[in-house]
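# A look at the structure
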Amino acid sequence: MVCSSRVNRNFRRTLLTVVRSSFGFYLPGLAPVSFCEKEDAKECQKDIQLFVNRLDSVESVLPYEYDAFDFCKDTDERRPSENLGQVLFGERIETSPYKFSFKADKACVKVCTKSYDAGSREDKLKLDFLKKGMELNYQHHWIVDNMPVTWCYIVEGNQKVCNPGFPIGCLVNQEGKPKDACVINADFNKKNTYYIFNHVDITIVYHSGDETNGMSPRLVAATLEPRSVKHSDEDSPSCEGTPMDIPAEFKSNLKVTYSYSVKFQQNDDIRWASRWDYILVSMPRTNIQWFSIMNSLVIILFLSGMVAMIMLRTLHKDIARYNQMDQEEAQEESGWKQVHGDVFRPPRMGMLLSVFLGQGTQVFIMTFITLFLACLGFLSPANRGALMTCAVVLWVLLGTPAGYVSARLYKTFGGENWKTNVFLTAFLCPGIVFVDFFLMNLILWVEGSSAAVPFGTLVAILALWFGISVPLTFVGAYFGFKKPGIEPPVRTNQIPRQIPPQTFFTKLVPGIIMGGILPFGCIFIQLFFILNSIWSHQMYYMFGFLFLVFIILVITCSEATVLLCYFHLCAEDYHWWWRSFLTSGFTAVYLFVYAVHYFFSKLQIIGAASTILYFGYTLIMVLIFFIFTGTIGFFACFLFVNKIYSLLKVD
């Protein structure tokens, strides 16, 4: 009893603490950290640790760890725990030698000096790799208090741009033309010369807190300005002088001294909950997003009007007239009513179709839940890797609906080989994705990229797949096969009806090509931002827009497929099972075409390895999107066909 009462008291105390803290805590974000000038283990901390993440480039798909380059290393290097999403995205966060004390301004502090001997092959390789990074415009990504340290600068039109990263350095080519960041300084003018940014001026902005509530200061922004400085005296650097130039030809010994300056600024106008706003200042794309949404809504209204006209006028009149006729008169009718004896005839390759639909159901539910949680803020960019981790875990746990839908539809199609159905549902599509992913990972391993998933993580993914997803798929299939097949509303004739000659627009290929245009038109603007976040390393944060576009995509795929399905049935073509799946699934082909256009028009990727990686990962996206959109179209058409034929009175 004493133990029980103590547990109850502790529980009530904990609950009271949570309730009190919830009034001053931003729910979807991470717990705030308070800082102070004197260390207090309970209330605040004095030391500020700067973390470094992987380095990436818009000219290469291959990211590299910070340690891959010859930068200053932390003597007490440690890595914070990384979730599954961070590992899959290739994030490699580690501590750096850049350490500060709160409100302690420092000027021109030496970090380390790197020496390169012209006679050493090892030093030559290190310097060559550093030059390659500058040539391909590889970017640092630093983190302070879970915030990206941004580089803000002014561009044409007096517009402020903040980039959540800054370059290693830059290059002036043999013609004397500066590339990338070399255009910001007229002193970068030597031909065939590299300029390394070996000094950074860091500014950390903090909110002073609220003394009445006993709140300590919190960090609300972190920016820097990279500079190239040739230190005349490496022991006591002044951080002033000519840029640190590195000749393209490595003929003499070279020393590169890294340094930093840090200053703290107080700004009580920035709240901790909105401290990421300064990072998004250079992303004023809300107007474009709303234009895309309005454009999509116009398409939906058009399709909804067409569907409403068909359902309320044409179909209602047809069904009423058909049900009032005698059977002999009805036989003279044409159109969708005459194929009632064949419209539910099982499709060819019903096994494959049921497998695709089971996997599509799994992807649909996973996507919906993930985007919903992202809208609530639980999967924000501040919580690194959370989006991918959530998606993978949900996919693993949603094996049961995949197995159930696949088995139930396969039984509806009259299939009896249930073992093959369950096996293909569990392994076909995930197997294709895993093989593609593994081959891409082999390339990353060979190239020594940080994006290469470690062998242990691959084993963990396989364990999740075989240990959780596959058994859940078998459980879902067991319940699916125990249920009777979905009973069609009309009987199916024994002898198939002959399909009359079709016009050009009601044939299979033109029909599915037209079916994917409208859904793709609703998403292509949002698709641009998604591809930018993946390949151009821009931050994606507009999950509200993305969720709205997801709903619009579902509605558009459904309505476009229902319309084309109705037109094909009116042409007395009753092969609608696969056609409904392929009609909306063809949106994935437009996605692939757009990805090819994006590669050649927007990206500056060079190298065979980066090109193979781009298209390898794109094929994974296209396959998943094909199954996802195809499933939406199929079930919309399935419900439509069942509904209209259930209203017919057929003897």
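See above for the structure.
The rules we used
Residues numbered from 1 in each chain as written. Predicted model: local features only at pLDDT ≥ 70, side-chain atom pairs only at ≥ 80, totals over all residues. Heavy atoms only, no water. Helix = DSSP H or I, 4+ residues; strand = E, 2+ residues; numbered from the N terminus. Buried < 20%, exposed > 50% of the residue type's maximum accessible area, 1.4 Å probe, protein only. Contact = heavy atoms within 4.5 Å. Areas by Shrake-Rupley, 256 points an atom, 1.4 Å probe, with all protein chains shown as cover. Salt bridge = Lys/Arg side-chain N within 4 Å of Asp/Glu carboxyl O. Polar contact = N/O pair within 3.5 Å; in protein donor to acceptor, adjacent residues only side chain to side chain. Axes fitted to C-alpha atoms, helices over the stretch in contact; angles between N-to-C directions. Parallel < 35°, antiparallel > 145°, perpendicular 65-115°, else oblique. Left-handed = near helix turned anticlockwise from the far one by under 90°. Nonpolar A, V, L, I, M, F, W, Y, C, P; charged D, E, K, R; others polar. Phe/Tyr/Trp six-rings, centres within 6.5 Å; stacked < 30°, edge-to-face > 60°. Pairing = 2+ DSSP bridges. Disulfide = S-S within 2.5 Å.

Looking now at the overall build of the chain. The number of helices and strands found in the chain is 16 helices and 17 strands. Here the chain holds 651 residues, and 51% of them are scored as buried. Counting only contacts in the chain whose residues sit at least 6 apart along the sequence, the fraction spanning at least 24 positions is 77%. Counting only carbon and sulfur atoms, one obtains 61% of the accessible surface of the chain, whose full area is about 31700 Å².

Once their charged atoms are close, side chains differing in charge can pair, the charge on each being opposite to the other. One pass over the structure, following the stated rule, counts 13 salt bridges. For Lys-114, the salt bridge identified is with Asp-70, shortest N-O distance 3.5 Å. Residue Lys-114 is located in strand E5 (residues 106-116), and its partner Asp-70 is located in the loop between strand E3 (60-64) and helix H2 (84-88); the two are separated by 44 residues in the primary sequence. For Lys-114, a relative accessible area of 18% corresponds to the buried category.

The topology assignment puts Asp-123 in helix H3 (residues 121-135). On the basis of relative accessibility, which here comes to 14%, the residue Asp-123 falls in the buried class. Along the chain, Asp-123 and Asp-70 lie 53 residues apart, while their C-alpha atoms are 9.5 Å from each other. Every residue in contact with Asp-123, bar those within four places of it in the chain, is listed here: Ser-115, Tyr-116 and Asp-117. Only 2.9 Å separates the side chain of Asp-123 from the backbone nitrogen of Asp-117, close enough to count as a polar contact.

The next point concerns the packing of helix H6 (residues 350-376) against helix H9 (residues 418-447). Relative to each other, H6 and H9 sit at 55°, their axes nearing to 9 Å. Relative to H9, the element H6 lies oblique. For the pair H6 and H9, the crossing hand works out as right-handed. Between H6, through Met-351, Leu-352, Ser-354, Val-355, Phe-356 and Gln-359, and H9, the contact on the second element is made entirely by Thr-420, Asn-421, Leu-424, Thr-425, Leu-428, Cys-429 and Pro-430. Here the contact of H6 with H9 is composed, by residue class, of eight nonpolar, five polar and no charged.

This paragraph deals with the packing of aromatic side chains. Summed over the entire model, instances satisfying the criterion amount to 62 aromatic pairs. Between Trp-142 and Phe-166, the ring centres sit 4.9 Å apart and the planes meet at 90°, which makes this aromatic pair edge-to-face. One end of the pair, Trp-142, is in strand E7 (residues 142-144); the other, Phe-166, is in strand E11 (residues 166-167), and 24 residues separate them in sequence. Look at Phe-364 and Phe-628: their rings are 6.1 Å apart centre to centre, the planes differ by 20°, and that puts the pair in the stacked class. On the criterion of sequence distance, the pair formed by Phe-364 in helix H6 and Phe-628 in helix H16 (residues 608-646) is long-range, its members being 264 residues apart. What makes Phe-364 partly exposed here is its relative accessible area of 28%. Ring pairing ties together the aromatic residues Tyr-64, Tyr-66, Phe-69, Phe-71, Phe-129, Tyr-138 and Tyr-258, which thus form one cluster.

Let us now look at the sheet that holds strand E12 (residues 169-172). Two orientations exist for strands paired in a sheet by backbone hydrogen bonds: parallel and antiparallel. One open sheet holds the three strands; their spatial order is E12-E13-E16, and the pairing between them is antiparallel. At either margin of the open sheet sits one strand with a lone partner, and together these are E12 and strand E16 (245-247). Between one strand and the next, the sheet's axes are offset by a mean angle of 25°, whatever the strand orientation. Judged from the three bridges that link them, strand E13 (residues 193-196) and E16 form a sheet pairing that is antiparallel. Opposite Tyr-195, over in E16, you have Asp-245 as the bridge partner. Of the strands in this sheet, E12, E13 and E16 are in contact with H3, which crosses E13 at around 85°.

On to the environment of Ser-60, then. In this fold, Ser-60 is placed in strand E3. With 553 residues separating them in the primary sequence, Ser-60 and Leu-613 have C-alpha atoms 9.8 Å apart. Sequence-distant contacts of Ser-60, defined by excluding residues within four places in its chain, comprise Leu-136, Tyr-138, His-537, Ile-605 and Ser-610. Engagement of the side chain of Ser-60 in a polar contact is seen with the side chain of Ser-610, the distance being 3.3 Å.

What follows covers the packing of H6 against helix H14 (residues 577-585). Put simply, H6 and H14 touch, their axes get as near as 11 Å, and they point 40° apart. Relative to H14, H6 is oriented oblique. As H6 packs across H14, the resulting crossing turns out to be left-handed. Where H6 abuts H14, its residues Leu-352, Leu-353, Phe-356 and Leu-357 lie against Trp-577, Trp-578 and Phe-581. Residue composition of the contact of H6 with H14, grouped by class: seven nonpolar, no polar and no charged.

Among covalent bonds in proteins, the disulfide is the one between the sulfur atoms of two cysteines. One pass over the full model with this rule turns up four disulfides. Disulfide pairing places Cys-36 opposite Cys-44 at an S-S distance of 1.8 Å. One disulfide, between Cys-36 and Cys-44, carries an S-S torsion of 80° and so falls in the right-handed class. You can call Cys-36 buried: its relative accessible area is 13%. Between the sulfur atoms of Cys-108 and its disulfide mate Cys-239 the distance is 1.8 Å. Its torsion about the S-S bond being 90°, the disulfide of Cys-108 and Cys-239 is classed as right-handed. You can see Cys-108 sitting in strand E5 and its partner Cys-239 sitting in the loop between strand E15 (218-227) and E16, a full 131 residues away along the chain.

This is a description of form; function is not addressed.
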